[in-house]
Amino acid sequence: MPVRRFGGHRSLVKRFETPKLSYGFSKMNVSKSGYRVFSANSSSACTELAKKITERLGVELGKSVVYQEGNAETRVEVKESVRGQDIFIIQTIPRDVNTAIMELLIMAYALKTSCAKNIIGVIPYFPYSKQCKMRKRGSIVCKLLAAMLAKAGLTHIITMDLHQKEIQGFFSFPVDNLRASPFLIQYIQEEIPDYRNAIIVAKSPSSAKRAQSYAERLRLGLAVLHGTAPNLESNATDGLYSPPPTRTSAGHTGLELPCSSRSRAAFPGIELPSLHQISSHQISIVWRNLHPIALGSLCLRFLRNFAFLCLFK
């Protein structure tokens, strides 16, 4: 009878053992979940935020060194392996915005050359987001920064409350534009006891939509400050407030808007109002109450006053 060389005993089969880590790395340096979190600068705000995030996720903060050399150049050194892992870079924007941008770019490029799988930038405040429109003969700096981040190796960005939602179109990779309004509304409801007597004010018509969302969720009134900006020198040279030149010839080749100095007899049968210059400092306040109970009380007050006028007439 032939002897079975390999029996069914588990003790005879050598189990697969996980290889030990070499090159001086311990088990705590490698994330079991396949992602790492790095801090892009050594400032107190960025370090504190990165530590709170890693404590919440239950992972260690990535080992890296970011410093400035004697000639003010930025140098980044990654102290552990990131091959095939998803990397999150935490970067807060201090007062020195340009230095923070270079730290983010250099760290992203260093992780890219270290064969990281995905590089996600966590930027609570995205710099240069207000320079997203062409003004005079300037440039759209926000689009330039988006191209630089993509070239450095970033594959995703998580930010909060962009100046304009259309900024996401400048990027060639996904952008998560988170909102801070739920936390602000929760703080107002829990920490301000008499917030029902308040009102939400929008400083300009462009911010009225965002202010309306706060007013609807808090069930408060809404006020919008509306006015024209003063005639700046940049706007005047750009042609925003410059009227077309008036003709000095006596005859009229076509239909023209009459000025206040010209006579209306030159246009028989056509009555057009004279043009007056609008004051640049005129400011009006538009009130809009969104609560239905307040709107009903306003209607009742109007009907009562109208009834009194009809009786005493």
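Residues numbered from 1 in each chain as written. Predicted model: local features only at pLDDT ≥ 70, side-chain atom pairs only at ≥ 80, totals over all residues. Heavy atoms only, no water.

Visitor: Before we move on, can you summarise the packing of aromatic side chains with the specific residues and values?
Guide: What the rule picks out here adds up to three aromatic pairs. Summarising the aromatic geometry, the rings of Y35 and F88 are spaced 6.1 Å apart at their centres and angled 85 degrees between planes, so their arrangement reads as edge-to-face. One end of the pair, Y35, is in strand β1 (residues 35-39); the other, F88, is in strand β4 (residues 86-90), and 53 residues separate them in sequence. With centroids separated by 5.5 Å and ring planes inclined at 75 degrees, the aromatic side chains of F126 and F171 adopt a geometry described as edge-to-face. Residue F126 is located in the loop between β5 (118-123) and α3 (141-152), and its partner F171 is located in the loop between β6 (156-160) and β7 (175-178); the two are separated by 45 residues in the primary sequence. The residues F126 and F171 share a single accessibility class, namely buried. Lying over the aromatic face of Y214, R217 brings its terminal NZ or CZ to 5.8 Å of the ring centre. (Phe/Tyr/Trp six-rings, centres within 6.5 Å; stacked < 30°, edge-to-face > 60°. Helix = DSSP H or I, 4+ residues; strand = E, 2+ residues; numbered from the N terminus. Buried < 20%, exposed > 50% of the residue type's maximum accessible area, 1.4 Å probe, protein only. Lys NZ or Arg CZ within 6 Å of the ring centre and 35° of its normal.)

Visitor: Explain the pairing of strand β8 (residues 199-202) residue by residue, including any values.
Guide: Moving residue by residue along a regular strand, the side chains alternate between the two faces of the sheet. Here β8 shows a clear split, with I200 and A202 buried on one side and none of I199 and V201 buried on the other. In this structure, β8 lies alongside strand β9 (residues 221-227), joined through four bridges in parallel fashion. Pairing of A202 across the sheet is with V224, part of β9. Taken together, β8, helix α5 (residues 208-218) and β9 form a β-α-β motif whose crossover is right-handed. (Pairing = 2+ DSSP bridges. Right-handed = clockwise from strand over helix to strand, strands pointing away.)

Visitor: Explain the sheet that holds β1 to me, and be specific about the residues and the numbers.
Guide: Spatially, β1-β4-β5-β6-β7 is the arrangement adopted by the five strands of the open sheet, whose pairing is parallel. The open sheet has two edge strands, β1 and β7, and neither has a second partner. Between one strand and the next, the sheet's axes are offset by a mean angle of 15 degrees, whatever the strand orientation. Taken together, the five bridges between β4 and β5 define a ladder with parallel strand orientation. Residue pairing in the sheet places I87 in a bridge with I119 of β5. Running at roughly 165 degrees to β4, helix α2 (residues 97-113) makes contact with β1, β4 and β5 of the sheet. (Axes fitted to C-alpha atoms, helices over the stretch in contact; angles between N-to-C directions. Contact = heavy atoms within 4.5 Å.)

Visitor: Would you mind going over helix α1 (residues 44-57) in detail, with residue names and values included?
Guide: With 14 residues, α1 extends 20 Å from end C-alpha to end C-alpha; this agrees with the ideal 20 Å at 1.5 Å per step. Phi for G58, located one or two positions after α1, is positive at around 80 degrees. (Expected span 1.5 Å × (residues − 1).)

Visitor: Quick one: what's the story with the packing of helix α4 (residues 181-191) against α5, residue by residue and with numbers?
Guide: Between α4 and α5, the shortest axis-to-axis distance is 11 Å and the interhelical angle comes to 45 degrees. Compared by their axis directions, α4 and α5 come out oblique. Here α4 runs over α5; the crossing is right-handed. Residue-level inspection shows S181, L184, I185, I188 and Q189 of α4 in contact with α5, the latter providing Y214, R217 and L218. A class-by-class count of the residues in the contact of α4 with α5 yields five nonpolar, two polar and one charged. (Parallel < 35°, antiparallel > 145°, perpendicular 65-115°, else oblique. Left-handed = near helix turned anticlockwise from the far one by under 90°. Nonpolar A, V, L, I, M, F, W, Y, C, P; charged D, E, K, R; others polar.)

Visitor: Kindly report on the pattern of salt bridges, identifying the contributing residues and their values.
Guide: Summed over all chains, the structure comprises six salt bridges. Of the charged contacts, one joins K63 and E60 as a salt bridge, the two residues approaching to 3.6 Å between their closest N and O atoms. Of the residues examined, K63 reaches a relative accessible area of 36% and is grouped as partly exposed. E60 sits in the partly exposed class, given a relative accessible area of 30%. (Salt bridge = Lys/Arg side-chain N within 4 Å of Asp/Glu carboxyl O.)

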